[in-house]
Every structure is written in structure tokens, then in C-alpha cells.
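Given next are the chains, with one letter for each unit.
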Amino acid sequence: MDVLINVFVALHIIGIASLLGGFLTQMKAMGAGTARFTPAMLHGALTMLVTGVALVGLNQADDQTVNNLKVGIKLAILVVVLGLVYVKRDEERVGKGLFAAVGALTTANIFIATLWT
């Protein structure tokens, strides 16, 4: 079970990297007002959602303690990010504030995951 959990953790990190990497590559475009949500950002958010839910289930099946408050907050943030990226995915330009919000929420999710013990 530990190997399976670690595989899903690795996939979860790949999803985070895709979402945050897509944001970081658009930082210069955001300054110019031409930033857009890339397919990598949408796929990264979806990967995070699927692997995150799987991780909660696998950890509970393995009788490990799951902090439901932490998971709930992370899920709520991810649903907001996923909703924003999904709705605006086909637009040529996304507003600076909206684009910055996705980056800030993604970063907040990372800090919640790593610092909340």
C-alpha cells in the first residue's frame, strides 16, 4: 500500500508542477496583459484533484490519520482554481488580477500542504 500511496503522491506533485509551472511561464505575459491559462494548467489542476481524492481514500484505507479540515480547505482552494482555469481556458487574454489569484491560490495550497502539520 505504501508504494501505491507514494506513486499517487508523485503524480500529485507532477500536477502541482504543471499548474504552477504554467503560471510561472506566463508571468512576463501577465505583466504585458496578455497572459492566458494554458492547457497544462488545466490538466495539472485536474491531476491534483484526482490524485488528491485518491490519496485521501488510500490513506484512510491504510488506517492512517487524515486531517479532514486540512483536506477540505485544500479541496476548496483547488475547486476555485480549477473553476477559474476551466471557465477562462479558451480566452486569449485573462485579467491580471484573475491570473494572479490562480497563482496565489496555488501557492497557498502548496504552503498549506507542507506547513500545516
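Reference entry: report on the structure contained in this document.

Basis of the calculations
- Counting restarts for each chain: residues are numbered from 1 in the order of the written sequence.
- With the structure being a predicted model, the display of local features is reserved for residues of pLDDT at least 70 and the display and counting of side-chain atom pairs for 80 or more, all residues being used for whole-chain, interface and lining totals.
- Remark: hydrogens and water are excluded; side-chain values derive from all non-hydrogen atoms of the structure.
- Under the DSSP-based scheme used, a helix requires at least four consecutive residues in state H or I and a strand at least two consecutive residues in state E, with every element numbered from the N terminus.
- We call two residues in contact whenever any of their non-hydrogen atoms come within 4.5 Å of each other.
- Exposed residues in this analysis have more than 50% of their type's maximum accessible area, buried residues have under 20%, and partly exposed residues fall in between, with area computed by a 1.4 Å probe over protein chains only.
- As used here, the term nonpolar core means buried Ala, Val, Leu, Ile, Met, Phe, Trp, Tyr and Cys residues forming a set that is joined through side-chain atoms within 4.5 Å.
- Helix axes are fitted only over the stretch in contact, all axes being lines through C-alpha atoms; the angle between N-to-C directions runs from 0 to 180 degrees.
- In this scheme, a crossing is called left-handed if the near helix is turned counterclockwise away from the far one by less than a right angle; it is called right-handed if the turn is clockwise.
- Note on residue categories: nonpolar means Ala, Val, Leu, Ile, Met, Phe, Trp, Tyr, Cys or Pro, charged means Asp, Glu, Lys or Arg, and polar means any other residue, Gly included.
- Salt bridge, as applied in this entry: a Lys or Arg side-chain nitrogen positioned within 4 Å of an Asp or Glu carboxyl oxygen.
- For classification purposes, angles smaller than 35 degrees are called roughly parallel, those larger than 145 roughly antiparallel, those between 65 and 115 roughly perpendicular, and all remaining angles oblique.

1. Some thoughts on the environment of M30
Its place among the elements puts M30 in helix α2 (residues 27-32). Separated by 70 residues in sequence, M30 and A100 have C-alpha atoms that sit 8.2 Å apart. For M30, the contacting residues outside a window of four places in its chain are F23, A35, K96, F99 and A100.

2. Focus: the side chain of N59
By the secondary structure assignment, N59 is in helix α3 (residues 39-61). The exposure class assigned to N59 is buried, which follows from its relative accessible area of 16%. Contact partners of N59, with chain neighbours within four places excluded, come to I5, Q64 and V66.

3. Structural notes on the nonpolar core
Judged by nonpolar contacts, the single largest core of 21 residues is most densely connected at F37, M41, V85 and F99. Going through the elements one at a time, α1 (2-25), α2, α3, α4 (68-87) and α5 (96-115) are the ones with two or more residues in this core. Per element, the largest residue contribution to this core is 5 residues, and it comes from α4.

4. Describing the packing of α1 against α5
Put simply, α1 and α5 touch, their axes get as near as 10 Å, and they point 145° apart. Considering only the axes of α1 and α5, their crossing is left-handed. Along its contact with α1, which presents I16, L19, L20 and F23, the element α5 presents F99, A100, G103, T106, T107 and I110. Residues of the contact of α1 with α5, tallied by class, amount to 7 nonpolar, 3 polar and no charged.

5. Concerning the pattern of salt bridges
Tallied over the entire structure, the rule returns 1 salt bridge. The residue E91 makes a salt bridge to K88 at a minimum N-O spacing of 3.5 Å. Residue classification places E91 among the partly exposed residues on the basis of a relative accessible area of 33%. On the accessibility criterion, K88 (26% relative accessible area) is partly exposed.

6. Considering the packing of α4 against α5
Where α4 contacts α5, the axes come no closer than 10 Å and their chain directions differ by 160°. It follows from the interaxial angle that α4 and α5 lie roughly antiparallel. As α4 runs across α5, the sense of the crossing is left-handed. In this structure, α4 uses K70, I73, K74, I77, L78, V80, V81, L84 and V85 to contact α5, whose residues at the interface are L98, V102, L105, T106, N109, I112 and A113. Broken down by class, the residue content of the contact of α4 with α5 amounts to 12 nonpolar, 2 polar and 2 charged.

Shape is all these values report; function is a separate question.
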